[in-house]
Amino acid sequence: MRILVLGGAGYIGSHTVLQLVRAGEEVIVADNLSTGHIEAVPKEVIFYKGDIHDKAFLDDLFKAEHIDAVIHFAAFSLVGESVVKPLKYYDNNLCGTKVLLESMVEHGVDKIVFSSTAATYGEPENIPILETDRTLPTNPYGETKLAMEKMFYWTSLAHGLRYVSLRYFNACGADSTGSIGEAHDPESHLIPLILQVPNGRRESIAIFGTDYDTPDGTCIRDYIHVTDLAQAHILAVKYLANGNASDVFNLGNGVGYSVREVIETARKVTGHPIPAVESERRAGDPARLVASSEKARKVLGWNPCHDSLEEIISDAWNWHKNHPNVFGK
């Protein structure tokens, strides 16, 4: 298959591209490089620099390249930023996707796998979270991702496009080779923030809230290795290629780790004391977010292979200690 990966220079996108290349698929990457890194894109893939808002760019791409399926990572994803800049998120995530779908429909490209999020659920009603649970986002990021899912649904009814929406939890880790990894600016994810301490980029890590209703008082999250996420996207493309119906899947390990447990594991992996400073809760942080991924396992045949927290942090540390300034910049 010839697969177009939008946002393929970003964190999860670049890992998915790498796994597609290893699987022998033909890959085309399009990215505007606003948050992605060209250094993360394998040299053997076809690369286009452009924006999904630009319909002429997309039309030219679909004319030039025969595309069997699209994997869509081209969305902004910082929860905090979405709260203070909601229009930025509506413009990029919704308006950009609308232009993309228009071009796909016009050019007869009828399969898309979408990078969604657990933020579509908001405050969970149940643990573990099921795909059938209520969706009530608590921030513009989650709201725009949910609206994108609905846009795919109505487009599928009107035009026969089929989609898979993958709602994943805390993406983390790095490719085991250490050649690519997480490189956000600003960084907002817990594990890379923790690893900035042994890397000499910060003196300590903050723990926001120690009085939650959890065994050690800190928030519990479901951490999923980025390579396992990449494999799920590939399985989802194959699922659609086999003629299956549109669907939504959670992606997580089904196991929750507290902030204290993550910090302690990072101390073990790095051999660094990693001082922690206790702070007040942040608004909107649920006590527990843990996924049920039984549906993805049964329907897609997805089986996470890197579900050890120690392995996840080891792979992340292998990347960060060798790339303290991100891709040598």
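Residues numbered from 1 in each chain as written. Predicted model: local features only at pLDDT ≥ 70, side-chain atom pairs only at ≥ 80, totals over all residues. Heavy atoms only, no water.

Participant: Explain the overall build of the protein chain here, please?
Facilitator: A tally of helices and strands in the protein chain yields 10 helices and 13 strands. A compact globule built from 329 residues should have a C-alpha radius of gyration of about 20 Å, and the protein chain, at 19 Å, falls within 12% of that. With respect to the three principal axes, the spread of C-alpha positions in the protein chain is 55 × 45 × 40 Å. In the protein chain, which comprises 329 residues, the share counted as buried stands at 54%. (Helix = DSSP H or I, 4+ residues; strand = E, 2+ residues; numbered from the N terminus. Rg over C-alpha atoms; globule rule 2.2 N^0.38 Å. Buried < 20%, exposed > 50% of the residue type's maximum accessible area, 1.4 Å probe, protein only.)

Participant: Help me understand the nonpolar core, please; the structure alone is not making it clear to me.
Facilitator: Where a protein is soluble and globular, its nonpolar side chains tend to be buried together. Among the nonpolar cores identified, the biggest contains 33 residues, and Val-5, Ile-12, Ile-71, Val-113, Val-164, Leu-166 and Leu-251 are the most heavily contacted of them. With 8 residues, helix α7 (residues 226–241) is the largest single contributor of residues to this core. In terms of nonpolar packing, the next biggest core, distinct from the first, is built from 25 residues, Leu-6, Ala-30, Leu-101 and Val-109 among them. (Core = buried A, V, L, I, M, F, W, Y, C linked by side-chain atoms within 4.5 Å.)

Participant: Sorry, what's going on with the side chain of Asp-228 here?
Facilitator: The topology assignment puts Asp-228 in helix α7. No salt bridge forms around the buried Asp-228; measuring N to O, its nearest opposite-charge neighbour Arg-297 is 8.2 Å away. Side-chain polar atoms of Asp-228 contact the backbone nitrogen of His-306, separated by 3.0 Å. Contacts of Asp-228, omitting those with residues within four sequence positions, involve Trp-302, Pro-304, Cys-305, His-306 and Asp-307. (Lys, Arg positive; Asp, Glu negative; His and termini not counted. Salt bridge = Lys/Arg side-chain N within 4 Å of Asp/Glu carboxyl O. Polar contact = N/O pair within 3.5 Å; in protein donor to acceptor, adjacent residues only side chain to side chain. Contact = heavy atoms within 4.5 Å.)

Participant: Where do I start with the packing of aromatic side chains in this structure?
Facilitator: The way to describe two aromatic rings as a pair is by their centre distance and the angle between their planes. Under the counting rule described, the total for this entry stands at 6 aromatic pairs. Between the aromatic rings of Phe-152 and Tyr-163, the centroid separation amounts to 5.9 Å while the plane-to-plane angle is 25 degrees, which identifies the pairing as stacked. Separated by 11 residues along the polypeptide, Phe-152 in helix α5 (residues 140–159) and Tyr-163 in strand β6 (residues 162–168) bring together distant segments of the chain. Side by side, Phe-152 and Tyr-163 carry an identical accessibility label, which is buried. Consider the rings of Tyr-153 and Trp-154, whose centres lie 4.9 Å apart with planes at 75 degrees: the pair is edge-to-face. For Trp-154, a relative accessible area of 56% corresponds to the exposed category. (Phe/Tyr/Trp six-rings, centres within 6.5 Å; stacked < 30°, edge-to-face > 60°.)

Participant: Help me understand the sheet that holds strand β5 (residues 111–117) in this model?
Facilitator: What the 7 strands build is an open sheet, ordered β3-β2-β1-β4-β5-β6-β10; its pairing is parallel. This sheet does not close on itself; its edge strands, each paired only once, are β3 (46–49) and β10 (247–251). Direction aside, neighbouring strands of the sheet carry axes that sit 20 degrees apart on average. In this structure, strand β4 (residues 69–72) lies alongside β5, joined through 3 bridges in parallel fashion. Bridge assignment links Ile-71 to a residue of β5, and that residue is Val-113. The strands touched by helix α2 (residues 55–64) are β1 (2–6), β2 (26–31), β3 and β4; relative to β3, the strand with the most contacts, the crossing angle is about 160 degrees. Its contacts with the sheet place α5 against β4, β5, β6 and β10, and it is angled at close to 160 degrees to β5. (Pairing = 2+ DSSP bridges. Axes fitted to C-alpha atoms, helices over the stretch in contact; angles between N-to-C directions.)

Participant: I keep staring at the packing of helix α4 (residues 86–106) against α5 and nothing clicks. Help me out?
Facilitator: The relative placement of two packed helices is expressed as an angle between their axes plus a distance between the axes. Axis separation between α4 and α5 bottoms out at 9 Å; the angle between their running directions is 15 degrees. For the element pair α4 / α5, the angle class is roughly parallel. Considering the relative orientation of α4 and α5, their crossing is right-handed. Here Pro-86, Tyr-89, Tyr-90, Asn-93, Leu-94, Thr-97, Lys-98, Leu-101 and Val-105 of α4 come into contact with α5, specifically with Pro-140, Tyr-141, Glu-143, Thr-144, Ala-147, Met-148, Met-151, Phe-152, Thr-155 and His-159. (Parallel < 35°, antiparallel > 145°, perpendicular 65-115°, else oblique. Left-handed = near helix turned anticlockwise from the far one by under 90°.)

Participant: Hey, could you run me through a nonpolar patch on the surface in this one?
Facilitator: A cluster of nonpolar side chains, Val-79, Val-83 and Val-84, forms an exposed patch at the surface whose accessible area comes to about 270 Å². Among the secondary structure elements, Val-83 is positioned in helix α3 (residues 79–84). (Patch = residues over 30% accessible without salt bridge, like charges linked within 9 Å, V, L, I, M, F, W, Y side chains within 5 Å. Areas by Shrake-Rupley, 256 points an atom, 1.4 Å probe, with all protein chains shown as cover.)

Participant: Can you walk me through the packing of α2 against α4 in this structure?
Facilitator: Orientation of α2 relative to α4, taken along the N-to-C sense of each, is 35 degrees, at an axis distance of 9 Å. Crossing geometry of α2 relative to α4 is assigned as right-handed. Only Val-99, Leu-100, Glu-102, Ser-103, Met-104 and Glu-106 of α4 make contact with α2, whose side of the interface consists of Lys-55, Leu-58, Asp-59 and Phe-62.

Participant: Would you explain the pattern of salt bridges in this entry?
Facilitator: Using the criterion set out here, one finds 16 salt bridges in the structure. Close ionic contact of Arg-2 with Glu-26 constitutes a salt bridge, the shortest N to O distance being 3.2 Å. Separated by 24 residues along the polypeptide, Arg-2 in strand β1 and Glu-26 in strand β2 bring together distant segments of the chain. Note on Arg-2: relative accessible area 16%, which makes it buried. Since its relative accessible area comes to 46%, Glu-26 is described here as partly exposed. Arg-260 is the partner of Glu-278 in a salt bridge, and the nearest nitrogen-oxygen pair spans 3.0 Å.

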